[in-house]
Amino acid sequence: MKVNDSGVVIRKMTREDAQAVAELDKACFANPWSVGSFEYEAAENPLADYLVAQGGDGSIVGYAGIWNIIDEGHITNVAVRTDFRRKGIAEKMIAELIARSSASGVARFTLEVRVSNEPAQKVYRKFGFTEAGYRRRFYEDNGEDAIIMWKE
Ligand SMILES: CC(C)(COP(=O)(O)OP(=O)(O)OC[C@H]1O[C@@H](n2cnc3c(N)ncnc32)[C@H](O)[C@@H]1OP(=O)(O)O)[C@@H](O)C(=O)NCCC(=O)NCCS
């Protein structure tokens, strides 16, 4: 089932979502962010724009965020709960973030992704992101390199 007919709604992340988002972050990443970090992103960081995907039962099944720094958008996180993957949820969240940022004057987008994370690279390539370089040993947990991607 695709996102449009799966009962999943994409909406702005609020401070009240921080706990659930942090739990999903922990399930998806080796270096998870704290609840406080997501509270800050939702309620205080003037550069941040975060979205969540909410399932029909009210649970948070995905989230994605961006920092808009003048005319550059830095995509900071994208994650979807395992049982909700391949339904177009990441694609929909990223499309919405890019549209919102573009509307507020952002002209170029960038992100870092693990060399081994082919699913995420495929999603980003679909949006026209291309490899621009590497950050060597960027990820502390295993010393993996990051690919830097840009979409102009
Ligand atoms: C990467 C991630 C966010 C993708 O979320 P998703 O909602 O499953 O992605 P979508 O359904 O929107 O996929 C869009 C397209 O990306 C590509 N894609 C996504 N996952 C893929 C996979 N596992 N293998 C191959 N292609 C994949 C496909 O082209 C897909 O379109 P299709 O299903 O019509 O073929 C998800 O796998 C995830 O949360 N991974 C763990 C966290 C993570 O690595 N985040 C990115 C950090 S940089």
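Our structure's up above, just so we're on the same page.
Residues numbered from 1 in each chain as written. Predicted model: local features only at pLDDT ≥ 70, side-chain atom pairs only at ≥ 80, totals over all residues. Heavy atoms only, no water.

A. Region of the structure containing the site of the ligand. Taken together, the neighbourhood of the ligand is formed by 21 residues, with V78, V80, R86, G88 and N117 sitting nearest. Residue K126 places a side-chain N or O atom 3.0 Å away from an oxygen atom belonging to the ligand. Contact with the protein chains covers 80% of the free accessible surface of the ligand, which is 910 Å². Taken together, the elements giving at least two residues each to the shell around the ligand come down to β4 (72–80), α3 (89–103), β5 (108–114) and α4 (118–126). (Near = heavy atom within 4 Å. Polar contact = N/O pair within 3.5 Å; in protein donor to acceptor, adjacent residues only side chain to side chain. Areas by Shrake-Rupley, 256 points an atom, 1.4 Å probe, with all protein chains shown as cover. Helix = DSSP H or I, 4+ residues; strand = E, 2+ residues; numbered from the N terminus.)

B. A look at the pattern of salt bridges. This model, assessed by the stated rule, comprises 13 salt bridges. The partner of R81 in a salt bridge is D83, with the nearest N and O atoms 2.9 Å apart. Here R81 falls in the partly exposed class, since its relative accessible area comes to 26%. Between E112 and R135 there is a salt bridge, with its nearest N and O atoms 2.7 Å apart. With E112 in strand β5 and R135 in strand β6 (residues 130–135), the pair connects residues that are 23 residues apart, well separated along the chain. Since its relative accessible area comes to 35%, R135 is described here as partly exposed. (Salt bridge = Lys/Arg side-chain N within 4 Å of Asp/Glu carboxyl O. Buried < 20%, exposed > 50% of the residue type's maximum accessible area, 1.4 Å probe, protein only.)

C. Just unusual backbone geometry, in detail. If you check the backbone angles, I70 has positive phi at about 55° while not being a glycine. Tracing the backbone through its elements, the reader meets I70 in the loop between β3 (60–69) and β4. A relative accessible area of 78% means that I70 is categorised as exposed. The residue R86 is not glycine, and still its phi comes out positive at about 60°.

D. Up close: the nonpolar core. Core analysis: the largest hydrophobic core is formed by 27 residues, its most contacted members being I89, Y124 and F129. Those elements that place two or more of their residues in this core are β2 (48–54), β3, β4, α3, β5, α4 and β7 (146–151). Per-element tally for this core: the top contributor is α3, with six residues. Discounting chain neighbours no more than four positions away, the residues touching F129 are I75, I98, F109, T110, L111, Y124, M149, W150 and K151. Grouped together as the second largest cluster of nonpolar side chains are 12 residues, A18, A22, I60 and A79 included. (Core = buried A, V, L, I, M, F, W, Y, C linked by side-chain atoms within 4.5 Å. Contact = heavy atoms within 4.5 Å.)

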